[in-house]
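# Close look at the chain arrangement
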Amino acid sequence: MNYINGEWIHSSTGKIEASLNPANIDDIVGYVQESGVEDVNVAVEAARRAQAAWRKLSGPKRGE
């Protein structure tokens, strides 16, 4: 799932793929969703909306 705008949402593609262990490609270590252009656009728009308030925060507040 993608974490966008404070929420976990499913990708628009609905596709899932295996994440393989690079040391042993027969070992599946988990599964990840395949995000698409629509997902990227939603994430970028959420980031743009949040940026105005975020930039006003001090470094320590951002770290919280």
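Above: the structure in question.
First, a word on scope: everything that follows refers to the structure included in this document. (Residues numbered from 1 in each chain as written. Predicted model: local features only at pLDDT ≥ 70, side-chain atom pairs only at ≥ 80, totals over all residues. Heavy atoms only, no water.)

## Quick look at the overall build of the protein chain
The secondary structure content of the protein chain amounts to 2 helices and 4 strands. A globule of 64 residues ought to have a C-alpha radius of gyration of about 11 Å, yet the protein chain, at 16 Å, is considerably larger. Taking the principal axes of its C-alpha atoms as reference, the protein chain extends roughly 50 × 25 × 15 Å. In the protein chain, buried positions account for 11% of the 64 residues. Within the protein chain, counting contacts between residues at least 6 apart in sequence, those at least 24 apart form 33% of the total. Side-chain charges in the protein chain split into 7 positive and 9 negative, and the spacing between the mean points of these groups amounts to 19 Å. (Helix = DSSP H or I, 4+ residues; strand = E, 2+ residues; numbered from the N terminus. Rg over C-alpha atoms; globule rule 2.2 N^0.38 Å. Buried < 20%, exposed > 50% of the residue type's maximum accessible area, 1.4 Å probe, protein only. Contact = heavy atoms within 4.5 Å. Lys, Arg positive; Asp, Glu negative; His and termini not counted. Charge placed at Lys NZ, Arg CZ, Asp CG, Glu CD.)

## Thoughts on the pairing of strand E3 (residues 15-21)
Bridge analysis of E3 against strand E4 (residues 24-34) gives 7 bridges, and the strand direction is antiparallel. Residue Ile16 lies in a different strand from E4, and its bridge partner there is Gln33. Between E3 and E4, which pair antiparallel and follow one another directly, the connecting turn spans 2 residues. (Pairing = 2+ DSSP bridges.)

## Topic: the side chain of Ser11
Looking at where Ser11 falls in the secondary structure, it is placed in the loop between strand E2 (7-9) and E3. Overall, the relative accessible area of 10% leaves Ser11 in the buried class. Here the side chain of Ser11 touches Thr13 through a polar contact of 3.2 Å, side chain to side chain. There is a polar contact of 3.2 Å between the side chain of Ser11 and the backbone oxygen of Glu34. Setting aside residues no more than four positions away along its own chain, Ser11 makes contact with Asn2, Gln33, Glu34, Ser35 and Asp39. (Polar contact = N/O pair within 3.5 Å; in protein donor to acceptor, adjacent residues only side chain to side chain.)

## Thoughts on the packing of aromatic side chains
All told, the structure shown has 1 aromatic pair when counted by the stated rule. Ring centres 4.8 Å apart and planes at 50° place the aromatic pair Tyr3 and Trp8 in the tilted group. In terms of burial, Tyr3 and Trp8 fall into one category: exposed. (Phe/Tyr/Trp six-rings, centres within 6.5 Å; stacked < 30°, edge-to-face > 60°.)

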